[in-house]
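Single-letter residue listing:
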Amino acid sequence: MRNLNVVLLPLLLLATPLMAQHRKDLIVDVEGGHRTGKNESFTPNTTRFDPRFDNSGGIGVGINYFLSDRVSVETKVAALRSNLQVQVTGSDFRAIADLGRAQIYPVSAVLQWHLVEHGSVRPYIGAGIAHVILKDINRQVGTASGINFKDPTGLVVDGGLEIKVSPRWSLVGDARYIPVETKSRATFLGTLSATDIRVRPLIISTGLSWRF
């Protein structure tokens, strides 16, 4: 969380003096996520635990502060749920444990550039930082009593389209991708096993934006 605060604080301080002068949008959307990263390394000479996340879905809420007609800072948090399975591999066996729904919370701060200054259709691109919170799992997985995750932080690139339907309301479609991130380490409680994983989610969302 420290890495995230280092980025969020300067962005919010930059936006604060201009908030009374420029547009502010509240965004509520539905989101779907796809993990593009892979598990990379496992503790040798132990039972191997291999977590696998399915596609996820959920909702997101964000605020977009416009610093000018073309530049804005968007902060957003989403709550996603994904089916989680863990493949357990020993010297003479292999089994798959279905752990049900895992909870994933991407938090992002993005500086956006709007390609069209005015108009009913406004595409935009952006970049910033994202912190992905993976909730720890307190359930039996083979010989392990649960899984602790290290939450990864990394660069996020962003692009989307705003379609104005009234002076205050717009439809918004957005895609965020985290191509570079620190490793998330999954530690399996009650064992010596650990796994380095990369999440690298691609998150697609669509929803409503309300200007206030």
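Residues numbered from 1 in each chain as written. Predicted model: local features only at pLDDT ≥ 70, side-chain atom pairs only at ≥ 80, totals over all residues. Heavy atoms only, no water.

(A) Structural detail: the overall build of the protein. Regarding its fold elements, the protein presents 1 helix and 12 strands. When the helices and strands of the protein are read in sequence order from the N terminus, they spell out α-β-β-β-β-β-β-β-β-β-β-β-β. C-alpha atoms of the protein, sized along the principal axes, occupy 65 × 30 × 25 Å. When burial is assessed residue by residue, the protein has 44% of its 212 residues classed as buried. Of the roughly 10700 Å² of accessible surface on the protein, 60% is carried by carbon and sulfur atoms. (Helix = DSSP H or I, 4+ residues; strand = E, 2+ residues; numbered from the N terminus. Buried < 20%, exposed > 50% of the residue type's maximum accessible area, 1.4 Å probe, protein only. Areas by Shrake-Rupley, 256 points an atom, 1.4 Å probe, with all protein chains shown as cover.)

(B) Expanded view of the packing of aromatic side chains. Applying the stated rule across the entire model yields 4 aromatic pairs. Note on W169 and W210: the rings are 6.5 Å apart at their centroids and 40 degrees apart in plane angle, and the pair reads as tilted. Within this pair, whereas W169 is found in strand 9 (residues 169–181), its partner W210 is found in strand 12 (residues 201–211), the two being separated by 41 residues in sequence. Classification of W169 by relative accessible area gives partly exposed; the value is 40%. Overall, the relative accessible area of 32% leaves W210 in the partly exposed class. In this structure an aromatic cluster arises from ring pairing among W169, W210 and F212. It is R23 that lies over the ring of F66; its NZ or CZ is 4.4 Å from the centre. (Phe/Tyr/Trp six-rings, centres within 6.5 Å; stacked < 30°, edge-to-face > 60°. Lys NZ or Arg CZ within 6 Å of the ring centre and 35° of its normal.)

(C) Spatial organisation of the sheet that holds strand 7 (residues 146–149). Taken in spatial order, the 4 strands make up an open sheet running 2-11-10-7, and their pairing is antiparallel. Looking along the sheet, the strands with just one partner apiece sit at the ends: strand 2 (39–42) and strand 7. Taken over all neighbouring pairs, the strand axes of this sheet differ in orientation by 25 degrees on average, direction set aside. Bridge count for strand 7 against strand 10 (residues 184–189) is 4 bridges, and the pairing is antiparallel. Bridging from a neighbouring strand, N148 pairs with T187 of strand 10. (Pairing = 2+ DSSP bridges. Axes fitted to C-alpha atoms, helices over the stretch in contact; angles between N-to-C directions.)

(D) Quick peek at the pattern of salt bridges. Tallied over the full model, the rule gives 11 salt bridges. When the shortest N-O distance is used, the salt bridge between K183 and E40 registers 3.8 Å. Of this pair, K183 sits in the loop between strand 9 and strand 10 while E40 sits in strand 2, placing them 143 residues apart in sequence. Looking at E40, the relative accessible area reads 42%, which means it is partly exposed. Between D196 and R185 there is a salt bridge whose closest N-O contact spans 2.7 Å. Of this pair, D196 sits in strand 11 (residues 194–197) while R185 sits in strand 10; the two residues are 11 residues apart in sequence, bridging distant segments of the chain. Judged by its relative accessible area of 37%, R185 falls in the partly exposed class. (Salt bridge = Lys/Arg side-chain N within 4 Å of Asp/Glu carboxyl O.)

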